[in-house]
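# Architecture at a glance
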Amino acid sequence: MIIYLHGFNSGGQSHKAAWLRARLAPVPVFAPDYPAHRASAALRALRKFIRRLRRENPRDDRLMLIGSSLGGFWAQRLAPEFGARIVLINPSMRPDETLARHTGRYRNAASGEETVLTAEDVRALKAHRVEPCNPTVPTLVLLDADDEVLDYRRAETALRGCGRTIVYPGGSHRFEHLAEALPAICALYAG
């Protein structure tokens, strides 16, 4: 099974989640809504979600987490715990640093609900950092060179030697190259 982890101010009904569901079928792609920016609540919700899926699908022991932006941060954190493979799409390597200047109120892009990011939320993320490269976790890193939110070179440097990294020219933080990356995503899942 595959679980898509959305980033800050997004949700399980995002465009990326829908695209992945359609292109990766018949493999089920689950995309939970969770408070990505609230560290303790995010971990609790995701652990509960993954454990429930495993109980409901006991014969499907293959797990891959696809995390975009802040979802990539959570994928790195959870993969060793659940024996998962990971695909990191324009991942946030240090969200406690990159989100620090973005506190405030936002309209959630996927749900339309209001999201509030506080300085306390941002500080709490620091406690959940992990070493960027875990050699026991099969990893695929997908980066758009023109990501306007996160400098792709930070992830490229931090994850050097950690599985396979593909840097696409152009693009944006939304990641414009899912179609080109699909064969690599499928290969990681099948491997």
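Bear in mind that the values here come from a model prediction, so they are computed numbers and not experimental data.

## Focus on the packing of helix 1 (residues 15-24) against helix 7 (residues 178-190)
- Running from N to C, helix 1 and helix 7 point in directions that differ by 55°, and their axes come no closer than 12 Å. Relative to helix 7, the element helix 1 lies oblique. The handedness of the crossing between helix 1 and helix 7 comes out as right-handed. Contacts from Lys16, Trp19, Leu20, Arg23 and Leu24 in helix 1 reach Leu178, Ala179, Leu182, Ile185 and Cys186 in helix 7.
- Looking at the contact of helix 1 with helix 7, its residues break down into 8 nonpolar, no polar and 2 charged.

## Observations regarding the packing of helix 2 (residues 39-56) against helix 3 (residues 70-82)
- Their axes nearest at 11 Å, the elements helix 2 and helix 3 cross at an angle of 45°. In terms of orientation, helix 2 and helix 3 fall into the oblique class. In the crossing of helix 2 with helix 3, the sense of the turn from one axis to the other is right-handed. On helix 3, the residues touching Ala39, Ala42, Leu43, Leu46, Arg47, Ile50, Arg51 and Arg54 of helix 2 are Trp74, Arg77, Leu78, Glu81 and Phe82.
- Across the contact of helix 2 with helix 3, the residue classes break down as 8 nonpolar, no polar and 5 charged.

## Some points on the pattern of salt bridges
- Taken as a whole, this structure holds 9 salt bridges when the rule is applied.
- A salt bridge links Glu97 to Arg154; the nearest nitrogen and oxygen atoms lie 3.0 Å apart. Of the two residues, Glu97 is situated in helix 4 (residues 95-98) and Arg154 in helix 6 (residues 152-158); the sequence distance between them amounts to 57 residues.
- Judged by relative accessible area, which is 37%, Glu97 ranks as partly exposed.
- Here Arg154 falls in the partly exposed class, since its relative accessible area comes to 41%.
- Close ionic contact of Arg153 with Asp151 constitutes a salt bridge, the shortest N to O distance being 2.9 Å.
- In this structure Asp151 comes out as partly exposed when scored by relative accessible area, which is 36%.
- The network of salt bridges with common partners includes Asp96, Glu97, Arg129 and Arg154.

## A closer look at the packing of aromatic side chains
- Summed over the entire model, instances satisfying the criterion amount to 4 aromatic pairs.
- A centroid spacing of 5.3 Å and a plane angle of 90° characterise the contact between Phe8 and Tyr106, whose relative ring orientation is edge-to-face. Taken as a pair, Phe8 in the loop between strand 1 (2-5) and helix 1 and Tyr106 in strand 5 (residues 104-107) lie far apart in primary sequence, 98 residues in all.
- Measuring from ring centre to ring centre gives 5.7 Å for Tyr168 and Phe175, while their planes differ by 75°; the resulting arrangement is edge-to-face.
- Overall, the relative accessible area of 11% leaves Tyr168 in the buried class.
- By relative accessible area, which is 5% here, Phe175 ends up buried.
- The ring of Tyr189 carries the charged tip of Arg62 above its face, separated from the ring centre by 5.6 Å.

## A word on the pairing of strand 7 (residues 139-144)
- With 6 of 6 residues buried, strand 7 lies mostly within the body of the structure.
- With 4 bridges joining them, strand 4 (residues 85-89) and strand 7 adopt parallel strand pairing. Residue pairing for strand 7: Ile89 is matched across the bridge by Leu142.
- Examined bridge by bridge, strand 7 and strand 8 (residues 164-168) share 5 bridges and lie parallel to one another. Bridge assignment links Val141 to a residue of strand 8, and that residue is Thr165.
- Between the parallel pair strand 7 and strand 8, the chain is carried across by helix 6, and the sense of this crossover is right-handed.

Parameters and conventions
- Residues numbered from 1 in each chain as written.
- Predicted model: local features only at pLDDT ≥ 70, side-chain atom pairs only at ≥ 80, totals over all residues.
- Heavy atoms only, no water.
- Axes fitted to C-alpha atoms, helices over the stretch in contact; angles between N-to-C directions.
- Helix = DSSP H or I, 4+ residues; strand = E, 2+ residues; numbered from the N terminus.
- Parallel < 35°, antiparallel > 145°, perpendicular 65-115°, else oblique.
- Left-handed = near helix turned anticlockwise from the far one by under 90°.
- Contact = heavy atoms within 4.5 Å.
- Nonpolar A, V, L, I, M, F, W, Y, C, P; charged D, E, K, R; others polar.
- Salt bridge = Lys/Arg side-chain N within 4 Å of Asp/Glu carboxyl O.
- Buried < 20%, exposed > 50% of the residue type's maximum accessible area, 1.4 Å probe, protein only.
- Phe/Tyr/Trp six-rings, centres within 6.5 Å; stacked < 30°, edge-to-face > 60°.
- Lys NZ or Arg CZ within 6 Å of the ring centre and 35° of its normal.
- Pairing = 2+ DSSP bridges.
- Right-handed = clockwise from strand over helix to strand, strands pointing away.

Distances and angles like these do not, on their own, reveal function.
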